[in-house]
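Overview (structure and organization)
Each chain, letter by letter, is given below.
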Amino acid sequence: MTVKVRFAPSPTGYLHIGSARTALFHYLFARHQGGQFVLRIEDTDRERSRPEYEEDIFAGLDWLGMRGDEPAVYQNSRREVHLKYIDKLLSEGRAYKDPQGSPAVFFRVPAEGGTVIRDLVKGDIHFQNKDFKDQVMRKSDGSVTYNFAVVVDDAEMGITHIIRGEDHISNTPKQIFLYEALGFPLPQFAHIPMILGADRAKLSKRHGAASVNEYRRAGYLPEALLNYLSLLGWTPADGTELMTLNELCQKFDLDRVSKSNAIFDLEKLRWLNCQKIKHLTTDELYNNYTEYCQNVSLDILNVIKDDLVLLGDIAGKSTVFSVDRLEYTAEQKTEINTETAHLVFREIIAKLNNIYSGTIIEQYANAQVLIDETIKITGLKKAQVFHPLRIALTAQNSGPGLKFLLVLLGKDKVKERLQNALGG
Ligand code: GLU
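Before going into details, it helps to say that this report is about the structure given with it. (Residues numbered from 1 in each chain as written. Predicted model: local features only at pLDDT ≥ 70, side-chain atom pairs only at ≥ 80, totals over all residues. Heavy atoms only, no water.)

The subject of this paragraph is the layout of surface pockets. There is about 1,100 Å³ of room inside the largest pocket. Lining the largest pocket are 44 residues, with Ala8, Pro9, Ser10, Ser19 and His168 sitting closest to its centre. Secondary-structure elements contributing two or more residues to the lining of the largest pocket are β1 (4–7), α1 (17–33), α4 (146–156) and β9 (161–165). Class assignment for the residues of the lining of the largest pocket results in 15 nonpolar, 15 polar and 14 charged. Of the pockets and cavities examined, the second largest pocket occupies roughly 160 Å³. Around the second largest pocket sit Val303, Ile304, Asp307, Gly316, Lys317, Val320, Gln396, Ser398, Gly399 and Pro400, which together line it. (1 Å grid on protein atoms, 1.4 Å probe; cavity = no way out; pocket = protein on both sides within 12 Å on 5 of 7 lines; lining within 4 Å. Points joined across faces, edges and corners; volume = space filled by probe spheres on them. Helix = DSSP H or I, 4+ residues; strand = E, 2+ residues; numbered from the N terminus. Nonpolar A, V, L, I, M, F, W, Y, C, P; charged D, E, K, R; others polar.)

Structure representation (structure tokens):
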């Protein structure tokens, strides 16, 4: 049996982080099993379905790197097929028309016995058939219900595994009745845990960014979001957290999907994003994310890269190199206005010329020599040299190494800032 799975979003909203996680589990499962991953747009709700939502879903999946292996199926275009199967059940006496005369059609649910979902994640889930009312297959407005359309489409598309959120568990027995009545082979089911916010409520807008596009715009890398989503309800056997899409495909299986709900942890996503940025070469970062690198040179990017959490941090972390005049806080002014700090500044200014010759690597080395000599000549402790120098050059308490600052600021800016610090 070749595995075939479908991600079946309804285009009634933007691609939500939870839907993206569902899509990812489908994708990873299919790749791991050497199977197929396809998309079905469940657009039967004509009132709420909108083209911009559909576009957003495709754009989001594309950005995350998940393409369907076949052209997407549009559920609404399959209406004739759905109606054909409704007629079949009517002619077999398994369904009946609305006695009031509306177009509604109901499925006769078996009155006795039980139904079991043999769930690949949750284990067996038992239901009593008597607890189910006869099911609407076609509504009084003529439209076909989700539970009916989904069974016909999944069966005709040859879907082998139905993966979806556990909020669908109550639909599954209703769908199993229909598989049996229509004589379709039963697929396997896997109901995956929900994603909750830190307050244990189902993840929603209230918890902040909820759509994939919002994370994209906030400066997350697709590989970070994918990696993070994979860990929402799943852990690999070896416990690794940082994985590429290829590694995820190799490691993912449904048997390690958790039965309990996952909690969305923004700090972990930020950490993963930081790691993924570090793993890019400076050239990759510069070339793949040009819009974030407008006013920054490759050398500067190289020096700030490891401190970035979001792509949007590039602008903030690089302004120190370009800003015309620094504003020191009152506290910083006191820190740079000491005799020992002034001694350091004068020493550096006097020997600045030693730095700026040769390749950039040689210049960094020259700058390091100058810093080391300054420590020796002044007889001060390292911190007494480093700290005021950093404040004077950046008006910040932390940032890139001093040798990088001295080189990348360039002679004129270093001189100007140190003279300014001496004067103030
Ligand atoms: N369109 C349904 C949803 O978005 C699909 C559920 C399913 O996978 O069967 O919830």
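Now that the structure has been shown, the text picks up again.
Time to look at the site of the ligand. In the vicinity of the ligand, the contacting residues are Arg6, Ala8, Ser10, Glu42, Tyr146, Val150, Arg164 and His168. One of the side-chain N or O atoms of Arg6 is found 2.6 Å from an oxygen atom in the ligand. In the model, a nitrogen atom of the ligand is placed 2.6 Å from a nitrogen or oxygen of the Glu42 side chain. Coverage of the ligand by the protein amounts to 78% of the 300 Å² it exposes when considered alone. When atoms are counted within 2 Å of each cavity's grid points, the one that captures over half of the ligand is the largest pocket. (Near = heavy atom within 4 Å. Polar contact = N/O pair within 3.5 Å; in protein donor to acceptor, adjacent residues only side chain to side chain. Areas by Shrake-Rupley, 256 points an atom, 1.4 Å probe, with all protein chains shown as cover. Sits in = over half its atoms within 2 Å of the grid points.)

With that settled, the discussion passes to the pattern of salt bridges. Scanning the entire structure with this criterion turns up 22 salt bridges. The partner of Arg31 in a salt bridge is Asp69, and the shortest N-O contact between them spans 2.8 Å. In this pair, Arg31 is assigned in helix α1 and Asp69 in the loop between α2 (51–64) and β3 (73–74), connecting sequence segments 38 residues apart. Accessibility expressed as a relative area gives 29% for Arg31, which makes it partly exposed. In this structure, Asp154 and Arg40 form a salt bridge, with 2.7 Å as the shortest nitrogen-oxygen distance. One end of the pair, Asp154, is in helix α4; the other, Arg40, is in strand β2 (residues 36–41), with 114 residues separating them in the sequence. (Salt bridge = Lys/Arg side-chain N within 4 Å of Asp/Glu carboxyl O. Buried < 20%, exposed > 50% of the residue type's maximum accessible area, 1.4 Å probe, protein only.)

Pairing within the open sheet is antiparallel, and its three strands lie in the order β4-β5-β8. This sheet does not close on itself; its edge strands, each paired only once, are β4 (95–97) and β8 (135–138). Each strand of the sheet is rotated relative to its neighbour by a mean of 35°, with strand direction disregarded. When β4 meets strand β5 (residues 105–107), the two strands line up antiparallel, connected through three bridges. (Pairing = 2+ DSSP bridges. Axes fitted to C-alpha atoms, helices over the stretch in contact; angles between N-to-C directions.)

Turning next to the sheet that holds β2. Spatially, three strands are ordered β1-β2-β3 in an open sheet, and the strand pairing comes out parallel. A strand with exactly one partner marks an edge of an open sheet, and here the two such strands are β1 and β3. Taken together, the four bridges between β1 and β2 define a ladder with parallel strand orientation. Its bridge partner lying in β2, Val5 is registered against Phe37. Sitting on the sheet, α1 touches β1 and β2, and the angle it makes with β1 is about 165°. With respect to the sheet, α2 is in contact with β1, β2 and β3, its orientation differing from that of β2 by roughly 160°. (Contact = heavy atoms within 4.5 Å.)

Another aspect to go through is the side chain of Thr145. The residue Thr145 is located in the loop between β8 and α4 in this model. Residues contacting Thr145, with those up to four places away along its chain left out, are Val136, Met137 and Lys139.

Next up on the list: the environment of Asp43. Looking at the secondary structure, you find Asp43 in the loop between β2 and α2. Since its relative accessible area comes to 8%, Asp43 is described here as buried. Sequence spacing of Asp43 and Thr12 is 31 residues, and the spatial spacing of their C-alpha atoms is 8.0 Å. Residues within four places of Asp43 in sequence aside, it is in contact with Pro11, Ser49, Tyr74, Gln75 and Asn76. Within polar-contact distance, the side chain of Asp43 engages the backbone nitrogen of Gln75 at 3.3 Å.

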